[in-house]
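Examination of the molecular architecture
Here are the chains, one letter per residue:
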Amino acid sequence: MKLWGGRFQKETDELVNELNESISFDQRLYRQDIAGSKAHAEMLGKQGIIPQDDVAAIQAGLDGILADVEAGKVEFTTDNEDIHMNIETLLTQRIGDAGKRLHTARSRNDQVAVDFRMYVREELQSIIPEILDLQAALCEQAEQYQDAVMPGYTHLQRAQPITFAQHLMAYANMFCRDVTRLEDCIDRMNESPLGSCALAGTTYPIDRQMTAAALGFTKGPMMNTLDGVSDRDYALECMSDLSILMMHLSRFSEEIILWCSWEFKYIELDDAYSTGSSIMPQKKNPDVAELVRGKTGRVYGDLMSLLTVMKGLPLAYNKDMQEDKEPVFDAIDTVRMCLPVFTGMIRTMRVLPQNMRAAANKGFINATDCADYLTKKGMPFRDAYTTVGDLVYHCTESGKTLEDLTLEELKTISPLFEEDVFAALNMENCAAQRASFGGPAKAETTRQINYIRDFIAAHQAQEE
């Protein structure tokens, strides 16, 4: 007999059982389910709803089940559908009638809502340190290559001189936003649905503030019981934040893939983070970066899956919402798999600054600096822009770079050019003179690295 089977006269069809069960995936919520049940039982006893002897038996029984589950001694069954009914059945088998009193003033609707909310909160808290470790690896590499000049790109065309350190710090700043987004999500979801019951609360004198505090929900109980059992915004926000994080990893992966190709060869990946070909012995493939790029689409799909499930649901709980867990589990598992491997790849990659510098010599990426030089000599910027455009055309026709031109050649274009133009066109100087806030000058990249390290330290302190 199923726990909900009182009014039913026939056995559930086996195919319906297969469709209906969720224990195959929601069993990972066992710790949260037991914690929620213990808090609920404690509250029932304090409020005089069930006897204290029953509370003691329930607490001891739940502790025993937790120990047995973690020791691998418990086998959950699809006959009991989900993690909630499996644990309640086990409890009743072990302690008798006291176990049957646990579900007083509670529904599976608020039970799953509180379990799932606690699970997502804990998982997001565990992802943040992985992001911080990736930021630390970026700082380590950036500090070594603050003087490594490379082309900055727009439209994947060489644009202006930057440094490798500045490029890495761009991603480090993206990851700061990912951390704070996850923190915002944790803060917003940190309210308890427990006590909402099926949808309308209960006639029992429960204390929702007590259970919220016991389970670490710092914002207290949710204000509305209909919302309490039907809200999955936190799951959607979790997957949205993880999708943005994966998008950042995917963009970075794309650059890693380009940089380690022979066409760029700005970096070389460590053998431990590369793979080979089954037929071409010379190949060293950036499969880690490619897989992270590919798995980004998977996390996007998880988000779209739940958005689609939720878009047409009336209040309050609907069985469709059982479909909330698998996409969230998959998105979290995917991110937690990708982050440490990606960090290892970054930490062990070998940077080839000489190749970056050689690429910087091509593409006229100091053309803006040349125009700025003329502007500082008194020429209006728009005229300087046109003048340097003529110079670039001349160079492309003659197969030269701006630095290859003699002072005499430059003066035929404008008498404002003087000997100091060559210092202005030097790539290292071009990067070093971009000392405006956030730029590639060494003082600025040092400030950026220190900012990220302070960010890491502050968030690590919060975790402790």
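Everything quoted here is computed from the prediction, not taken from an experiment.

Viewed as axis vectors pointing N to C, helix α11 (residues 233-259) and helix α13 (residues 325-348) meet at an angle of 30 degrees, and their least axial separation amounts to 10 Å. Comparing the axis directions of α11 and α13 gives the class roughly parallel. Crossing angle aside, the handedness with which α11 passes α13 is left-handed. Contact residues: Ala 235, Cys 238, Met 239, Leu 242, Leu 245, Met 246, Leu 249, Phe 252, Ser 253 and Ile 256 in α11; Pro 327, Val 328, Ala 331, Ile 332, Val 335, Cys 338, Leu 339, Phe 342, Met 345 and Ile 346 in α13. In terms of residue class, the contact of α11 with α13 is made up of 19 nonpolar, 1 polar and no charged.

Taken as a whole and judged by the stated rule, the model has 11 aromatic pairs. A ring pair is formed by Tyr 373 and Phe 417, whose centres lie 5.8 Å apart and whose planes are at 5 degrees; its orientation type is stacked. Taken together, the residues Tyr 373 in helix α15 (residues 367-376) and Phe 417 in the loop between α17 (407-413) and α18 (421-425) connect sequence positions 44 residues apart. You'll find Tyr 373 and Phe 417 in the same group, each marked buried. Chaining the aromatic ring pairs together yields one cluster made of Phe 116, Tyr 119, Tyr 234 and Phe 329. A cation over an aromatic ring shows up here: Lys 265 above the ring of Trp 262, its NZ or CZ 4.3 Å from the ring centre.

So, on to the nonpolar core. One finds Ile 127, Leu 138, Phe 164, Leu 242, Phe 252, Ile 256 and Ile 267 to be the most contacted residues of the largest nonpolar core, which totals 97 residues. Dropping the residues within four chain positions of it, Leu 138 is found in contact with Leu 168, Met 169, Tyr 171, Ala 172, Phe 175, Phe 252 and Ile 346. One finds Cys 370, Ala 371, Leu 374 and Ala 424 within the second-largest nonpolar core, a separate group that totals 19 residues.

Take helix α5 (residues 83-95) next. Its 13 residues place the ends of α5 18 Å apart at the C-alpha level, agreeing with the 18 Å of an ideal helix rising 1.5 Å per residue. The set of residues buried in α5 consists of Ile 83, His 84, Met 85, Asn 86, Ile 87, Glu 88, Thr 89, Leu 90 and Leu 91. Residues of α5 that are buried sit in contact with α2 (23-26), α3 (30-46), α4 (52-70), α6 (97-100) and α7 (108-144). Near the N-terminus of α5, the side chain that reaches the backbone nitrogen of His 84, with its oxygen 3.1 Å away, is that of Asp 82. The first or second residue beyond α5 is Gly 96, which carries a positive phi of 80 degrees.

As paired elements, strand β1 (residues 149-154) and strand β2 (residues 157-163) share 6 bridges and run antiparallel to each other. When the sheet's bridge partners are listed, Tyr 153 is paired in β2 with Arg 158. Count of turn residues in the β1/β2 antiparallel hairpin: 2 residues, of which His 155 carries a positive phi of about 55 degrees.

A few words on the side chain of Gln 141. The residue Gln 141 is located in helix α7 in this model. Among the polar contacts listed, one links the side chain of Gln 141 to the backbone oxygen of Met 349, at a separation of 3.2 Å. With residues near it in sequence (within four places) discarded, Gln 141 still touches Leu 168, Ile 346, Arg 347, Met 349 and Val 351.

Because an α-helix packs 3.6 residues into every turn, residues spaced three or four apart end up facing the same way. An ideal rise of 1.5 Å per residue puts 54 Å on 37 residues; α7 measures up with 55 Å between its terminal C-alpha atoms. Of all 37 residues in α7, 26 are buried; the element is thus mostly enclosed. Taking the backbone nitrogen of Asn 109 as reference, a side-chain oxygen 2.9 Å away marks Ser 107 as the first, capping residue of α7.

The grouping of Glu 11, Asp 13, Glu 14, Glu 18 and Asp 79 at the surface amounts to a negative patch. Counting through the fold element by element, Glu 18 comes out in helix α1 (residues 14-20).

Each value, and the rule that gives it
Residues numbered from 1 in each chain as written. Predicted model: local features only at pLDDT ≥ 70, side-chain atom pairs only at ≥ 80, totals over all residues. Heavy atoms only, no water. Axes fitted to C-alpha atoms, helices over the stretch in contact; angles between N-to-C directions. Helix = DSSP H or I, 4+ residues; strand = E, 2+ residues; numbered from the N terminus. Parallel < 35°, antiparallel > 145°, perpendicular 65-115°, else oblique. Left-handed = near helix turned anticlockwise from the far one by under 90°. Contact = heavy atoms within 4.5 Å. Nonpolar A, V, L, I, M, F, W, Y, C, P; charged D, E, K, R; others polar. Phe/Tyr/Trp six-rings, centres within 6.5 Å; stacked < 30°, edge-to-face > 60°. Buried < 20%, exposed > 50% of the residue type's maximum accessible area, 1.4 Å probe, protein only. Lys NZ or Arg CZ within 6 Å of the ring centre and 35° of its normal. Core = buried A, V, L, I, M, F, W, Y, C linked by side-chain atoms within 4.5 Å. Expected span 1.5 Å × (residues − 1). Polar contact = N/O pair within 3.5 Å; in protein donor to acceptor, adjacent residues only side chain to side chain. Pairing = 2+ DSSP bridges. Patch = residues over 30% accessible without salt bridge, like charges linked within 9 Å, V, L, I, M, F, W, Y side chains within 5 Å. Areas by Shrake-Rupley, 256 points an atom, 1.4 Å probe, with all protein chains shown as cover. Salt bridge = Lys/Arg side-chain N within 4 Å of Asp/Glu carboxyl O. Lys, Arg positive; Asp, Glu negative; His and termini not counted. Charge placed at Lys NZ, Arg CZ, Asp CG, Glu CD.

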